[in-house]
Amino acid sequence: QLTYLSAYLTACSRAGQEGVKVALAEAVWPREYLYTGTDMYSLRDMEQLYTGELITTLTTAVGLCMKHVSSCLVCSGRGFICELCKDRRPVYPFNLDTSSQCSECLTVFHSSCAAGLSTCPKCERLEARSLNWHVTNSKLARETAGS
C-alpha cells in the first residue's frame, strides 16, 4: 500500500511543495526501502514487527500519504474508473482491500467486479488494436508492392 501511495506522491508536484515527501521519509527513516520496494526487510524490521512497532510506523506513514492524496486535487484525480461497473467514484490501486489491478496493463478495477474476469477488457482492446494495426499494414504493404 505504501509503495502505491509513494508513487502518487512522486508524481505530484504539490506533495513536494507541501513537504509530504520529506515527512514520509522522516516517518520511516532510515528505512526508505519500506516504500521503494516490497521485498527487503532488515532484522530490526522483523523485531519491530514482532513488537508491533513496525505496524505503528507503517500505519503512520500510510495515514500521512492518504491524507495528502485524498485532499490533493491532482492525486485524487489520478484514480481509475472501474470500466466493468462504470461507477463514477474513482478506484485507487492503494486500496488493497477493495481494488484489483491487471498485472499486464495496470488498469484498476473493484475487486468484486474483477472476481469473475478471465481476461482484462483493456488488454483485449489493446490486443485487438495491435492485431488491427498489423492487418492494415499488411494490406498496405501488398497494395504498394502490387502497384
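Up top is the structure.
As the structure is a prediction and not an experimental result, all values here were calculated from the model.

(A) Representation of the overall build of the protein in the model. When you go through the protein residue by residue, the secondary structure sums to nine helices and two strands. Sequence-ordered secondary structure for the protein, helices as α and strands as β, is α-α-α-α-α-α-α-β-β-α-α. The C-alpha atoms of the protein give 21 Å as radius of gyration, which overshoots the globular expectation for 147 residues (15 Å, by more than 25%). With the C-alpha coordinates aligned to their principal axes, the bounding extent of the protein is approximately 75 × 35 × 35 Å. With 147 residues in all, the protein has 27% of them scored as buried. In the protein, once contacts between residues fewer than 6 apart in sequence are set aside, the share between residues at least 24 apart is 48%. Put simply, the protein shows about 9,700 Å² of open surface, and 58% of that area lies on carbon and sulfur atoms.

(B) Region of interest: the packing of aromatic side chains. A complete count under the given rule lists three aromatic pairs for this structure. With 6.2 Å between their ring centres and 65° between their planes, Tyr-8 and Tyr-92 make a pair best called edge-to-face. Here the residue Tyr-8 occupies a position in helix 1 (residues 2-10), and Tyr-92 occupies one in the loop between helix 7 (73-76) and strand 1 (99-101), the gap between them amounting to 84 residues. Of the residues examined, Tyr-8 reaches a relative accessible area of 8% and is grouped as buried.

(C) Main features of the environment of Gly-63. Mapped onto the secondary structure, Gly-63 falls in helix 6 (residues 53-71). Note: C-alpha distance between Gly-63 and Lys-139 (76 residues apart in sequence) is 55 Å.

(D) Spatial organisation of the pattern of salt bridges. Per the stated rule, a full pass over the model turns up four salt bridges. With its nearest N and O atoms 2.9 Å apart, the salt bridge here joins Asp-45 to Arg-31. Linking Asp-45 in helix 5 (residues 43-51) with Arg-31 in the loop between helix 3 (20-28) and helix 4 (33-36), this pair joins segments that are 14 residues apart in sequence. Both residues of the pair, Asp-45 and Arg-31, count as buried.

(E) Structural context of the packing of helix 1 against helix 6. Where helix 1 contacts helix 6, the axes come no closer than 10 Å and their chain directions differ by 40°. Viewed along their axes, helix 1 and helix 6 adopt a mutual orientation that is oblique. Here the hand of the crossing between helix 1 and helix 6 comes out left-handed. Each of Leu-2, Leu-5, Tyr-8 and Leu-9 in helix 1 lies in contact with helix 6, whose residues at this interface are Leu-58, Ala-61, Val-62, Cys-65, Met-66, His-68 and Val-69. Its residues placed into classes, the contact of helix 1 with helix 6 shows 10 nonpolar, one polar and no charged.

(F) Looking closely at the side chain of Arg-31. For Arg-31, a relative accessible area of 6% gives the class buried. Side chain to side chain, Arg-31 and Asp-45 meet in a polar contact 2.9 Å long. The contact partners of Arg-31, leaving out residues within four places of it in the chain, are Arg-44, Asp-45, Gln-48, Leu-54 and Thr-57.

(G) Quick peek at the state of the cysteines. Following the criterion strictly, the structure yields zero disulfides and no others. The thiol of Cys-82 is not disulfide-bonded; the next cysteine sulfur, from Cys-113, is found 3.8 Å away. Overall, the relative accessible area of 0% leaves Cys-82 in the buried class. With no disulfide of its own, Cys-102 lies 3.5 Å from the sulfur of Cys-123, the closest cysteine sulfur.

Calculation criteria
Residues numbered from 1 in each chain as written. Predicted model: local features only at pLDDT ≥ 70, side-chain atom pairs only at ≥ 80, totals over all residues. Heavy atoms only, no water. Helix = DSSP H or I, 4+ residues; strand = E, 2+ residues; numbered from the N terminus. Rg over C-alpha atoms; globule rule 2.2 N^0.38 Å. Buried < 20%, exposed > 50% of the residue type's maximum accessible area, 1.4 Å probe, protein only. Contact = heavy atoms within 4.5 Å. Areas by Shrake-Rupley, 256 points an atom, 1.4 Å probe, with all protein chains shown as cover. Phe/Tyr/Trp six-rings, centres within 6.5 Å; stacked < 30°, edge-to-face > 60°. Salt bridge = Lys/Arg side-chain N within 4 Å of Asp/Glu carboxyl O. Axes fitted to C-alpha atoms, helices over the stretch in contact; angles between N-to-C directions. Parallel < 35°, antiparallel > 145°, perpendicular 65-115°, else oblique. Left-handed = near helix turned anticlockwise from the far one by under 90°. Nonpolar A, V, L, I, M, F, W, Y, C, P; charged D, E, K, R; others polar. Polar contact = N/O pair within 3.5 Å; in protein donor to acceptor, adjacent residues only side chain to side chain. Disulfide = S-S within 2.5 Å.

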